[in-house]
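Report on the structure
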Amino acid sequence: MSVNRALKLLAGVYLVVLIVAVMAYKVAFIGLMFSNVFFGVYSVCVASYILSRFLFSLFYRSKPDAGLEPPIAIVMPSFNEQDAIGDSLRSLLALEYPPEKLELIAVNDGSTDDTLIEMQRVAAQSDGRVRVIDFPENRGKRAAMAAGIRASVAEVIVFVDSDSVVEPDALRKLVQPLADPRVGAVCGHANVLNLRESWLTRMQAVRYFVAFRVVKAAESVFNAVTCCSGCFSAYRREAILPRMEWWENQRFLGVESTFGDDRSLTNCVLRDWRIVYEKRAVSHTIVPAKFRAFVTQQTRWKRSWTRESLLVARFIWRKHPVAALFTYLSIVLPLIAPVAAIHAIVWGPLAHGGTLPLVYLAGIYSLAMVYSLYYVLFQDEYSLVWVYGVLFVFFYLGIMLWQTYYAIATCRTAAWGTRPATAGAR
Amino acid sequence: MSLLERVLAKALLPASILPVVLFGPALLRAPEKLWREARAEVQRLQAPRPASRDQERRTP
């Protein structure tokens, strides 16, 4: 047996033992639940929520190849991506899909760098396969996506971020679930492309892997994926069109919604259609390598999560009771998490000495190890990247947990943080 | 990557169990300890309080 296989076997056994140990430990705390109901129930809910994601993801199966080959329009909106756009467009030209069934539309959203020149360079070498739409001024990602939809005629629209590259066989695999006429959208898988760039990108590599292979897979079991990633997702045109005008002009608390376009579009489709995840449709995306850029991105994502959670909560109960339960938990638990952290780490030592913080941090460590062991188990090659998964959970506890309240307090803001303040102000 | 680094990288996975071993005894005692403390707190709150002087005066 190779060392790689032995380590994977160890990770598998370790993961199972850890999950059983966490469950047994929770049982030991049941008596305590009645003396501190709020935090007792919270603690059981968090553990059940996280472990259930892993459990349900075991039931996830990729859809078989149905031989589907519909006409597809790939829309790639782009703003100041001169370094990445060339590779991203070339990855679309290399797709294993009949060229006559493929429309490739690159939209330059008023970039101030050489993005347009790069787009035109690739378009010139593509025998007319890549069409370029140019906005003289920055109008926002949503406007760029909408322009791409209007410029195309294909029955399936695929969005690919301009900092993502797609594997040659990914497109065919992405659209296979659309063989089911009830499926309105499919979310592809995204790996981190710049994994070796910094400690932050390694952390995100583990996070992305678990977020897609566990969370989205678990949601897919109930045909209710709540966010089709902007990196690589396919939509049925007829599922988008009825709500497209609303989506383009979406407002929240009186302010135009300029970001969170992927989660918002997912919500538009999820109301009336099924949405699934396809793990074999793989893309690779560039993630922030610097702390400031990462925090800016996460704040933006949390703001859009706040806005879209209010929308999804209104209709998810009609989809599937289990999907609804877990969606509501995914909304409520992050709101309580900072209070629980203060309760355990600040109030705990004052009331109980070191016992409560120890139990809390052991829970966090167990969670971190569950994520990381899953990563080791399902990655092809063993690497030390899993250690960054452990670090990420503590990083989350120290920084990202507290972002939720800040994002809620500032959710009316329209600024991207990486785009001009005028983006989207039409 | 040197041989030592490769060995260390692989040894880190089984070594990750160490914090659990280190804090294991305290973690195993934690549920009972917290439960005892919570019960003591409940008993303290439920215990009859000594009557105040005001109440004593009003008592016939």
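Conventions we followed
- Residues numbered from 1 in each chain as written.
- Chains lettered and ligands numbered in written order.
- Predicted model: local features only at pLDDT ≥ 70, side-chain atom pairs only at ≥ 80, totals over all residues.
- Helix = DSSP H or I, 4+ residues; strand = E, 2+ residues; numbered from the N terminus.
- Rg over C-alpha atoms; globule rule 2.2 N^0.38 Å.
- Buried ≥ 20, exposed ≤ 12 C-beta atoms within 10 Å, placed from the backbone.
- Contact = placed C-beta atoms within 7 Å.
- Expected span 1.5 Å × (residues − 1).
- Bend = angle between axes of the 7 residues up to and from the residue.
- Domains from an automatic or database assignment.
- Pairing = 2+ DSSP bridges.
- pLDDT = per-residue confidence, 0-100.
- Axes fitted to C-alpha atoms, helices over the stretch in contact; angles between N-to-C directions.

For chain A, the helix and strand inventory stands at 14 helices and 10 strands. Relative to a compact globule of 426 residues, whose C-alpha radius of gyration would be 22 Å, chain A shows 22 Å and is just as compact. Projected onto the principal axes, the alpha-carbon positions of chain A cover approximately 70 × 60 × 40 Å. For chain A, the proportion of its 426 residues judged to be buried stands at 44%. In chain A, once contacts between residues fewer than 6 apart in sequence are set aside, the share between residues at least 24 apart is 82%.

The next point concerns the overall build of chain B. Regarding its fold elements, chain B presents three helices and zero strands. Considering chain B as a whole, with its 60 residues, one finds that 5% of them fall into the buried category.

Looking now at helix 11 (residues 291-315) of chain A. In an α-helix, one turn spans 3.6 residues, which is why side chains three or four residues apart end up on the same side. All names here are of chain A. Relative to the 36 Å expected for 25 residues at 1.5 Å per residue, helix 11 spans 36 Å between its end C-alpha atoms, a close match to the ideal helical length. Of all the bends in helix 11, the greatest, near 30°, is centred on Glu-308. Listed in full, the buried residues belonging to helix 11 are Phe-294, Lys-302, Arg-303, Ser-304, Trp-305, Thr-306, Arg-307, Glu-308, Ser-309 and Val-312. For helix 11, the elements touching its buried residues are helix 8 (199-221), strand 8 (251-252), helix 10 (261-270), helix 12 (321-352) and helix 14 (385-409).

This part covers the domain arrangement of chain A. Residues and elements named next belong to chain A. When the domains of chain A are assigned, the result is domain 1 (3-60 + 328-409) and domain 2 (72-318). When each unit is reduced to the centre of its C-alpha atoms, the spacing between domain 1 and domain 2 is 30 Å. Counting residues at the interface gives 26 residues for domain 1 and 23 residues for domain 2. Elements represented by at least two residues in the side of domain 1 that touches domain 2 include exactly helix 3 (37-57), helix 12, helix 13 (355-378) and helix 14. If one sorts the elements of the side of domain 1 that touches domain 2 by residue count, helix 14 sits on top with 13 residues.

Our focus in this paragraph is the pairing of strand 7 (residues 232-236) of chain A. Residue and element names in this part refer to chain A. Counting buried positions along strand 7 gives five out of five residues, so the element sits mostly inside the fold. Residues of strand 7 alternate between two faces, with Phe-232, Ala-234 and Arg-236 on one and Ser-233 and Tyr-235 on the opposite face, all of them buried. Sheet topology note: the strand 4 (residues 156-160)/strand 7 ladder contains five bridges and is antiparallel. Bridge assignment links Phe-159 to a residue of strand 7, and that residue is Ser-233. Examined bridge by bridge, strand 6 (residues 183-192) and strand 7 share three bridges and lie antiparallel to one another. Across the sheet, residue Ala-185 finds its bridge partner in strand 7, namely Tyr-235.

Before going further, it helps to examine the confidence of the model for chain A. Mean pLDDT over chain A stands at 90; residues scoring 70 or higher make up 97%. Within the model, the stretch residues 420-426 of chain A combines pLDDT values under 50 with 17 contacts to residues more than four positions away or in other chains.

Residues and elements named next belong to chain A. If you trace the eight strands from one edge of the open sheet to the other, you get 3-2-1-4-7-6-10-5, paired in mixed fashion. Because the sheet does not close on itself, it has two edges, and the strands there are strand 3 (130-135) and strand 5 (164-166). Across the sheet, the mean angle from the axis of one strand to that of its neighbour is 30°, orientation sign disregarded. Pairing of strand 5 with strand 10 (residues 274-285) involves three bridges; the strand directions are antiparallel. Bridging from a neighbouring strand, Val-166 pairs with Ser-283 of strand 10. Contacting strand 1 (72-78), strand 2 (102-109), strand 3, strand 4 and strand 5, helix 4 (residues 85-93) runs over the sheet at an angle of about 20° to strand 5. In the packing of helix 9 (residues 237-248) onto the sheet, the strands contacted are strand 4, strand 6 and strand 7, and the crossing angle to strand 7 comes to about 80°.

What follows covers the environment of Asp87(A). All names here are of chain A. Relative to the assigned elements, Asp-87 resides in helix 4. When the 18 C-beta atoms within 10 Å are taken as the criterion, Asp-87 is described as partly exposed. Here the alpha-carbon distance between Asp-87 and Ser-162, two residues 75 residues apart in the chain, equals 9.0 Å.

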